[in-house]
Amino acid sequence: TTPETSPTCLRRGCTSAPAVPNLTDATVRQLLGTAYSSARDGLPGNDDAGALSAWYVWSSIGLYPNAGQPYYIGAPLFGRVRIMLGARRSFTIEALGASGPNRYVVGAALNHRSLDRAFLTSSGVERGGTLVLRMARRPSAWGRRPRPFSLSSRTRVRSALVASNGETASNT
């Protein structure tokens, strides 16, 4: 399976493991390590419009934007990534303990507030701030609930989001 054909490319929004983030983390890490290289044929298919390259970059930093959906949180390859947003704002992802064996996100905090879901709204990223991910060798139940908008009713997700961190939910 390649990122072109695998439902895991959509991270938490995929149909193969939507409520089990650690299965997606393991599959994505395996694809990043085996399907891509710096060789001339280092992409696993046709990179029309840069889709495969973009998938690699987003997956490597631990986020994946899915059009019309939230940013799905995954297991980054890097210990720290800073995304410049303009107007002197940035969004930083810190993956505590990130390494080859530590491929599972087992906990998260957004701007010093505990985060129990495996996705962020676009406004949560665009405001800037810091997402801290705790990485481990073994998976946990982190991120299985609440589910992203694409996998649950908007009302249930809105209630869960407001209850979990006060952030207003939207599909944008």
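Caption draft 1: Molecular detail of the pattern of salt bridges. Applying the stated criterion across every chain, the model contains one salt bridge. One salt bridge connects arginine 80 with glutamate 94, and the closest N-O pair in it is separated by 3.6 Å. Here arginine 80 is found in strand β3 (residues 80–86), whereas its partner glutamate 94 is found in strand β4 (residues 89–96), with 14 residues between them in sequence. Classification of glutamate 94 by relative accessible area gives partly exposed; the value is 23%.

Caption draft 2: Fine view of helix α1 (residues 21–34). Between the first and last C-alpha of α1 there are 20 Å, a value that for 14 residues agrees with the 20 Å anticipated at 1.5 Å per step. Burial in α1 covers these residues: Pro21, Asn22, Thr24, Asp25, Val28, Arg29, Leu31 and Leu32. Along its buried surface, α1 packs onto α2 (51–61), β5 (104–110) and β8 (129–136).

Caption draft 3: Here's a closer look at the sheet that holds strand β6 (residues 113–115). Strand order across the open sheet formed by five strands is β3-β4-β8-β5-β6, with mixed pairing between neighbours. With one partner strand each, in any of the chains shown, β3 and β6 form the two edges of the open sheet. The sheet shows a mean angle of 20° between the axes of neighbouring strands, taken without regard to direction. With three bridges connecting them, β5 and β6 associate as antiparallel partners. Bridged to alanine 108 within β6 is leucine 115.

Caption draft 4: Representation of the environment of glycine 74 within the structure. With respect to the helices and strands, the residue glycine 74 is situated in the loop between β2 (71–73) and β3. For glycine 74, a relative accessible area of 0% puts it in the buried group. Sequence separation between glycine 74 and isoleucine 61 is 13 residues; the distance between their C-alpha atoms is 8.1 Å.

Conventions used here
- Numbers given for residues are sequential positions, taken from 1 along each chain in its written order.
- Per-residue local features of the predicted model are confined to residues with pLDDT of at least 70, and side-chain atom pairs are confined, for both listing and counting, to 80 or more; whole-chain, interface and lining totals are unaffected and use all residues.
- Side-chain numbers come from the whole structure's heavy atoms, not from hydrogens or water.
- Any carboxyl oxygen of Asp or Glu within 4 Å of a side-chain nitrogen of Lys or Arg constitutes a salt bridge here.
- Only DSSP runs of H or I reaching four residues or more are called helices, and only runs of E reaching two or more are called strands; each is numbered from the N terminus.
- Between buried and exposed lies partly exposed: a residue is buried under 20% and exposed over 50% of the maximum accessible area for its type, with that area taken using a 1.4 Å probe on protein chains only.
- To estimate the expected span of a helix, count its residues, drop one, and scale the result by 1.5 Å.
- The contact rule is simple, with two residues in contact once any of their heavy atoms fall within 4.5 Å.
- Strands are treated as partners if at least two bridges between them are detected by DSSP.
- Axis definition: a line fitted to C-alpha atoms, over the contacting stretch in the case of helices. Angles run 0 to 180 degrees between N-to-C directions.

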